[in-house]
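# Results of the structural survey
Listed below are the residues making up each chain.
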Amino acid sequence: MSSIVIMFVLGLAMQGRVYRPNGGDILDILGFVGDVGAGGLYILTRAMDLGQGAVAHATADYGTKYIIVAGLLNFISAADAYHIAIGKKP
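Residues numbered from 1 in each chain as written. Predicted model: local features only at pLDDT ≥ 70, side-chain atom pairs only at ≥ 80, totals over all residues. Heavy atoms only, no water.

Glancing now at the overall build of the protein chain. Scanning the protein chain from N- to C-terminus turns up four helices and zero strands. Ordered by position in the sequence, the α and β elements of the protein chain form the string α-α-α-α. Along the first, second and third principal axes, the C-alpha set of the protein chain runs to 45 × 30 × 25 Å. Residues classed as buried in the protein chain amount to 26% of the 90 residues present. Partitioning the contacts of the protein chain with sequence separation of at least 6, the portion at a separation of at least 24 is 74%. When the accessible surface of the protein chain is totalled, it reaches about 5700 Å², and 69% of it is carbon and sulfur. (Helix = DSSP H or I, 4+ residues; strand = E, 2+ residues; numbered from the N terminus. Buried < 20%, exposed > 50% of the residue type's maximum accessible area, 1.4 Å probe, protein only. Contact = heavy atoms within 4.5 Å. Areas by Shrake-Rupley, 256 points an atom, 1.4 Å probe, with all protein chains shown as cover.)

In structure tokens:
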């Protein structure tokens, strides 16, 4: 949990972009799915209106990727916890 929160916060600190739900470009849709994976962090960030700036430099682009990867890592950890709960993984 701490690695997900730290990656998300670092992404915001690097002025990364948080994707909004839209039906536009496929990369925007995939970015949104990755962001939503962070769950409460995504909702809190949207409520506080953070991560809405334009990506103007390389660190902001890396920050955007950190935010997306934090959400995807949360999906993976939830799937892993499920497999442990049902006994598929020791």
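Let's shift gears to the environment of V18. Along the chain, V18 falls in the loop between helix 1 (2-13) and helix 2 (26-36). Linking V18 and S3, residues 15 residues apart in sequence, is a C-alpha distance of 18 Å. Not counting the four nearest positions on each side in its chain, V18 is found in contact with L12, D35, Y42, T45, R46, L50, G51, Q52 and I67.

Here the focus is the confidence of the model for the protein chain. For the protein chain, the average pLDDT comes to 91, and 100% of its residues sit at 70 or higher. In the model of the protein chain, helix 2 stands out as the element of lowest mean pLDDT, 91, in contrast to helix 1, which has the highest, 95. (pLDDT = per-residue confidence, 0-100.)

Taken as a whole and judged by the stated rule, the model has one aromatic pair. Considering the side-chain rings of F32 and Y42, the 5.9 Å spacing of their centres and the 75° angle between planes classify their relative orientation as edge-to-face. Taken together, the residues span a long stretch of sequence, with F32 in helix 2 and Y42 in helix 3 (residues 40-47) at a distance of ten residues. (Phe/Tyr/Trp six-rings, centres within 6.5 Å; stacked < 30°, edge-to-face > 60°.)

At Q15, a residue that is not glycine, the phi angle is positive and equals roughly 65°. Relative to the helices and strands, Q15 resides in the loop between helix 1 and helix 2. Here the phi dihedral of D49 falls at roughly 60°; this positive angle occurs in a residue that is not glycine. Residue position: D49 is located in the loop between helix 3 and helix 4 (58-85).

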